[in-house]
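# Chains, contacts and geometry: an overview
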Amino acid sequence: MTETDIERDVDEAQTAALELAKRSDEERKAALHEIADAIEARTDEILAENETDVAEGERLLEDGEYTQALVDRLKLSESKIESIAAMVRSVAEQADPLGKTLSARELDEDLELYKVAVPIGVVGTVFESRPDALVQIAALGLKSGNAVILKGGSEALHSNRILFEIIEEAAADAGVPDGWAQHIEAREDVDALLEMDDAIDLLMPRGSSEFVSYIQDNTSIPVLGHTEGICHVYVDDEADLSMAEDIAFDAKVQYPAVCNAVETLLVHEAVAEDFLPAIADRYETAGVEMRGDEATREIVDVEAATDADWDTEYGDLIVSIRVVDSLEAAIDHVTSHGSKHTESIVTEDADRASAFMRSLDSASVFHNASTRFADGYRFGLGAEVGISTGKIHARGPVGLEGLTTYKYHLEGDGQLVATYAGEDAAPFIHEEFEGEWSPGRLSDE
């Protein structure tokens, strides 16, 4: 694709975004149901294209170029496609994020200011090997009234192509404006996008910290970064050890290839001799490779952890284990080595839980729950475009609200600024009130 082609596609996305922002929630909802139905109806086509990607992925796995975790993320099945369609319908049924009055303030009699939720505009996304990510991002973009530029990984090329084709055709049949979703494939196209700060309103990269840093360093477009998930579970000395065992197992084994899987298990020294043999047996049975510090290795037979292990997102059946002597030591470890993604404490002591949760700067912090709950669908957001580990605009799983901004609507009755200036200036009221903005609200009263 040439630079002219990219510019044309982004121009089309800009035009479509303005049109899409005016569409009713009923129209956007109907289009999403059309997309879900079309995905299910063309399951066989999707699986055939996905099989091509998986076969190539397995070949590269044998050559040592891909990891097993990456290949696992690539694979689709009939049940997975059913889940993808269910996700799209879930997004469709979410409350409309647009047009909500976020605040209302009376400046003076018959002069009312409303803060109203609106779409961001054109959102560029670059994401990893999971084909369902393309559908998630497209669905959330459509529901929130945003145009989306979609760039998936080359490892999922055939899967992404067929899914995009289905989405584009179904949306067009439902009357969605052409150009609202654009699919780009070449890596060099990403560099072209980075220069389009006058046309693209937000970039959302999903990948390694190096890749996200590259995006941030090479564009003036706002970037909502989703980097590694170096997540921790801390087993406190006041933990229910049976619960802690289940949580530590679920957080690592239930699906190890995702960013909210636990990578480091921290265990208080007072319970380590009771807890570590039990969890090690379960990990070993599940094929988990364990790497521990010296105190851990005095209790269970595991590989020695290196300094690099504490800073590594494995995305695989590997876990690092450290024994700590206090809650404060656990907090210090997470602060030093975490990626501000998701952490969990297992304890029956509410004060300790509060201290852990309030001391950490991560986007999600849990008490007595698996880190795997850090997910847009599980949070009730319908889906997510990614998990933001930054602090500006949106944090944690980014769903519909994270794809909106706001603007101000002022409803008046001929007021002039001159009335409120000079020696005889009229005073402002500046009082908040409960009310929803609607065009011509004052003239309707």
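Quantities reported herein were computed from a predicted structural model and do not represent experimental measurements.

## Examining unusual backbone geometry
The phi dihedral of Lys340 is positive, around 65°, even though this residue is not glycine. The exposure class of Lys340 is partly exposed, given its relative accessible area of 38%. We note that His430 has phi near 50°; this positive angle belongs to a residue other than glycine. Tracing the sequence through the fold places His430 in the loop between strand S16 (404-411) and strand S17 (431-432).

## Things to note about helix H3 (residues 43-62)
End to end, H3 covers 28 Å across 20 residues, agreeing with the expected 28 Å (1.5 Å per residue, within 8%). Buried within H3 are the following residues: Thr43, Ile46, Asn50, Asp53, Val54, Gly57 and Leu60. Relative to the axis of H3, the buried residues are bounded by an arc of 115° and lie together on one face. Turned more than 90 degrees away from the buried face of H3, the exposed residues are Asp44, Glu51 and Glu62. Where the residues of H3 are buried, they touch helix H2 (25-41), helix H4 (68-74), helix H5 (78-92) and helix H7 (157-173).

## Describing the domain arrangement of the chain
Domain assignment breaks the chain into domain 1 (3-96 + 121-200 + 207-224) and domain 2 (231-381). For domain 1 versus domain 2, the separation of C-alpha centres amounts to 32 Å. Counting residues at the interface gives six residues for domain 1 and six residues for domain 2. Taken over both partners, the interface formed by domain 1 and domain 2 buries close to 560 Å², and the fraction arising from carbon and sulfur atoms is 51%. Among the residues domain 1 hides against domain 2, the three largest losses belong to Ala69, Arg73 and Gln94. Together they make up 54% of the total. On the surface where domain 1 and domain 2 come into contact, there are zero salt bridges. For the pair domain 1 and domain 2, the interface holds one residue pair in polar contact (both at pLDDT 80 or more). The element best represented in the side of domain 1 that touches domain 2 is H4, accounting for three residues. Looking at the side of domain 1 that touches domain 2, its residues break down into two nonpolar, two polar and two charged.

What counts as what
- Residues numbered from 1 in each chain as written.
- Predicted model: local features only at pLDDT ≥ 70, side-chain atom pairs only at ≥ 80, totals over all residues.
- Heavy atoms only, no water.
- Buried < 20%, exposed > 50% of the residue type's maximum accessible area, 1.4 Å probe, protein only.
- Helix = DSSP H or I, 4+ residues; strand = E, 2+ residues; numbered from the N terminus.
- Expected span 1.5 Å × (residues − 1).
- Arc of directions from axis to C-beta.
- Contact = heavy atoms within 4.5 Å.
- Domains from an automatic or database assignment.
- Buried area = accessible area lost by both parts, 1.4 Å probe.
- Salt bridge = Lys/Arg side-chain N within 4 Å of Asp/Glu carboxyl O.
- Polar contact = N/O pair within 3.5 Å; in protein donor to acceptor, adjacent residues only side chain to side chain.
- Nonpolar A, V, L, I, M, F, W, Y, C, P; charged D, E, K, R; others polar.

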